[in-house]
Structure formats: structure tokens, C-alpha cells
Amino acid sequence: MTDDVAARATAGFRSAYAGPPAGRWAAPGRANLIGEHTDYNDGFVLPFALPLRTVAAAAPQPGERWTVWSELSGETIAFDADELAGPGRVTGWGAYVAGVVWALREAGHAVPGARLAIASDVPLGSGLSSSAALEAAVLAALVDLGGLDLPADRQPRLAQRAENGYVGAPTGIMDQSAVIRCRAGHALFLDCRDESVEHIPFDLDTSGLAVLVVDSRAPHRHADGEYAARRRSCEAAAGLLGVAALRDVPTDGLADALARIDDAETRRRVRHVVTEDQRVLDTVALLRAGKVREIGPLLTASHASMRDDFEITVPEVDTAVEAALSAGALGARMTGGGFGGCVLALVDAERADAVAAAVTAAYGERGFAAPGHVTVLPGPGATRLD
Ligand code: GAF
């Protein structure tokens, strides 16, 4: 097996189907710089694409049949149009692929039958959107193979529909937008209400900075149920306040809004979402002004809000954030849906190793399994490789 993910996808394709693919399509994982649990509140997010990618090697095959090999399990699955009648027939990792075919067909596209081989460098279950990367790589392949009329700016909704409607996860639009629409060297400022975007320069190199991504290795504890509960709580609060979504509560109207909510837990949820939207806007303003170092405190404040108000952190990620800050990180926060996953820390590039070592040492003291870590620069979104 080669280290190169695209080469692995090709090798997998050749060995599963005894011939070459017609093309290869890549989609990255993502980290969210700031703006957590704001997407399904019609708010703002600021993710960037990781240099870690999922690659789909693919070729058309006759009929309405889809065959998929994945290096993840080493197995090949197949499904046809009958098995796409509704959610639930294809399960496991195959559900993300079947979900994309299902969502395309639901939207009226004539999806070509295809053979696919999937290889990936995006770690699973680490909160770096391995599922969105898989959906986006498969979607890009099917759109190109079938000559489908689905430009990139409409692909995130389709991929989200696969995840919500077929896989059954009630996620927002951030992850699919990030992995499809991000640009190298930039973070994606996305307004989740109208899906307008601005590519914000996030130039770490010339600022002498790096983003250290720490995999907390915390086992996901009830993440799916807790995510859905947070979403329900936000929607109920919006209803109570008489707004379409919590994005419509302005920062200077937060105190009044909180005064109208009896339940203390709901007040905390609302406070997180409203202050987090503002932190995204403040981060964007600093990045636009080239003040990359100065976003650190906003990242750290975002973490405190997730820990104390939205209550989605776990001891491993809190430990990683505290250790990173003590070792000189400019800011640090959990990234992604929560209950485990990854922490990102903004660090002076020459301090990255020392900060990573400090996190590892803190984990040792607490008796946690050793964390993983990697430094990253913002990479490109989904693309056809050849
Ligand atoms: C997960 C979801 F998929 C996103 O839509 C988003 O809500 C995120 O959690 C939290 O910001 O990644």
C-alpha cells in the first residue's frame, strides 16, 4: 500500500474491478476555526479545509447499479435503484454513498450507474468531517460522470440532504459547505441562512503561525443524541422568542431575550449561540484586517462558551485546551460537534512541538489515552484530480 491516498484509490479500483478508473475526485476533511452549533441556527461559521483528503476513483457502469470498494473495510458493497426506495437499506459507511445517490435521484437527477473505490486520510470519528468528505468526493464523481446540472454552490445542500434524509443525522450545512467550497489559504465565512460565502485570507505561514490540531481520542459519548437535543433546544428557544432562528437575536438584544426565558439551561444554550455568532463576526473582522494573532482570545472564549453554556465538551478536550494555553498557544478551542473530537490551537509555528508535548504530558497526568496531533494549513475544497 502506498502512502498517497489518490494512488491507493486507483490501486483499490484496479484490484476490485480489473481495469482503470475514468477519473479521481478528492474532498478534504475540515476544521472549524470558529462558529460552533451556529449553522442550524441560520448563523455564521468559519471553517477551513484540511490537507487530509478522501479520494473516490470512479467509472461508469451500465444500469442503475452502484458498486463501492473502500479501503476502510476492504469490502465491496453494491446496491441498485430498488434498495434506494428509502433510508435504512444500506448501512455503515455505505449509507453515505447510497445517501448521495438517493438524494440526487430525489432531486430529479439521472444518476449514472458507477463503480467506485474510496481511500481516505481523514480520520474517522475525530470530528473532522470524514462523512462530509466521503459524500462530497462521491457527489463530485457522480456529477461529472453523469454530466449532471449541479454546480458546486448547490452541492452542499444535496450532500446535507443525504446525511439528514438517508443517514439520519440532523446536521447543519457547515461541513458539506466547507469540504466543497473552501479554498486553499482561506477560511470560508459562510452565512448559513442564505449560503452566501466570502473567502477570508487565513495566512498562517507569513504570520509565522500554525494551527495545531489535537485529536482528543475521547470516545464519543452519546454524541448523536446530545447533538439532536441541542438542536431541539435551540429551535424551541427561537419559537419562544418569536424569531425564525436564534441568528435573529441581536447581540445587543441578548439580555432582553434571556430575561424572557424561564429555564436556566435554555438561557445558556441561547447565550452560546448568540455570542458565538458575534465571535465569528469579530474573528472575520480581525482576519480581514490581517490581525491573525489577535483572534486567539476569541477562540478561547468560544471554547469556554461551549464548555459552560452549550455543555458539549468533555474532560479530554478541556484538558487539551488548558494545556495548550498554558504552553503558550494564542488561543485554543474544541472544533466540531463536540463530546470528543479534536481541539485546534493557534500557535507560533516554532512553539507547535512544545505545545503538542505539553498536551501529551497533561494527558499522561490525567491518565487519558495519548492524543494525536498534526499541524495544518488551510487546503483546497473538493476537486477533480484527473
Ligand atoms: C457537526 C455538524 F455536522 C455541523 O452541521 C455543525 O452543526 C457542527 O457539528 C457544530 O458546529 O459537525
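Enquirer: What is the right way to look at the site of the ligand in this model?
Expert: With respect to spatial proximity, the complete set of residues near the ligand consists of Arg30, Glu36, His37, Asp39, Tyr40, Thr171, Gly172, Met174, Asp175, Tyr227 and Gly337. In this structure, an oxygen atom belonging to the ligand sits 2.9 Å away from a main-chain N or O atom of Gly172. Taking Asp175, its side chain carries an N or O atom lying 2.8 Å from an oxygen atom of the ligand. Protein contacts shield 93% of the accessible area of the ligand, which totals 300 Å² for the unbound molecule. Here the shell around the ligand is built from residues that sort into three nonpolar, four polar and four charged.

Enquirer: Mind showing me how you'd approach the sheet that holds strand S13 (residues 383-384) here?
Expert: Consider a sheet: its strands pair through backbone hydrogen bonds, and that pairing is either parallel or antiparallel. Across the sheet, six strands lie side by side as S5-S4-S6-S3-S1-S13; this open sheet has mixed pairing. Each end of this open sheet is capped by a strand with a single partner; those strands are strand S5 (76-80) and S13. The pairing of strand S3 (residues 47-60) with strand S6 (residues 114-120) spans seven bridges and is antiparallel. Note that in S6 the partner of Pro60 across the bridge is Ala114. Contacting strand S4 (65-70) and S5, helix H2 (residues 94-106) runs over the sheet at an angle of about 25° to S5. Of the strands in this sheet, strand S1 (23-32), S3, S4, S6 and S13 are in contact with helix H3 (residues 130-146), which crosses S1 at around 150°.

Enquirer: Sorry, what's going on with the pattern of salt bridges here?
Expert: Side chains bearing opposite charge may pair, as long as their charged atoms lie close to each other. Going through the model one piece at a time under the given rule, you end up with 25 salt bridges. For the salt bridge of Glu36 with Arg333, the shortest nitrogen-to-oxygen distance reads 2.7 Å. Taken together, the residues span a long stretch of sequence, with Glu36 in the loop between S1 and strand S2 (44-45) and Arg333 in strand S10 (residues 331-335) at a distance of 297 residues. Like Glu36, the residue Arg333 is buried in the burial classification. When the shortest N-O distance is used, the salt bridge between Glu276 and Arg279 registers 2.9 Å. Highlighted residues: Glu276 and Arg279, both in helix H8 (residues 264-288), separated by three residues, approximately one helical turn.

What counts as what
Residues numbered from 1 in each chain as written. Predicted model: local features only at pLDDT ≥ 70, side-chain atom pairs only at ≥ 80, totals over all residues. Heavy atoms only, no water. Near = heavy atom within 4 Å. Polar contact = N/O pair within 3.5 Å; in protein donor to acceptor, adjacent residues only side chain to side chain. Areas by Shrake-Rupley, 256 points an atom, 1.4 Å probe, with all protein chains shown as cover. Nonpolar A, V, L, I, M, F, W, Y, C, P; charged D, E, K, R; others polar. Pairing = 2+ DSSP bridges. Helix = DSSP H or I, 4+ residues; strand = E, 2+ residues; numbered from the N terminus. Contact = heavy atoms within 4.5 Å. Axes fitted to C-alpha atoms, helices over the stretch in contact; angles between N-to-C directions. Salt bridge = Lys/Arg side-chain N within 4 Å of Asp/Glu carboxyl O. Buried < 20%, exposed > 50% of the residue type's maximum accessible area, 1.4 Å probe, protein only.

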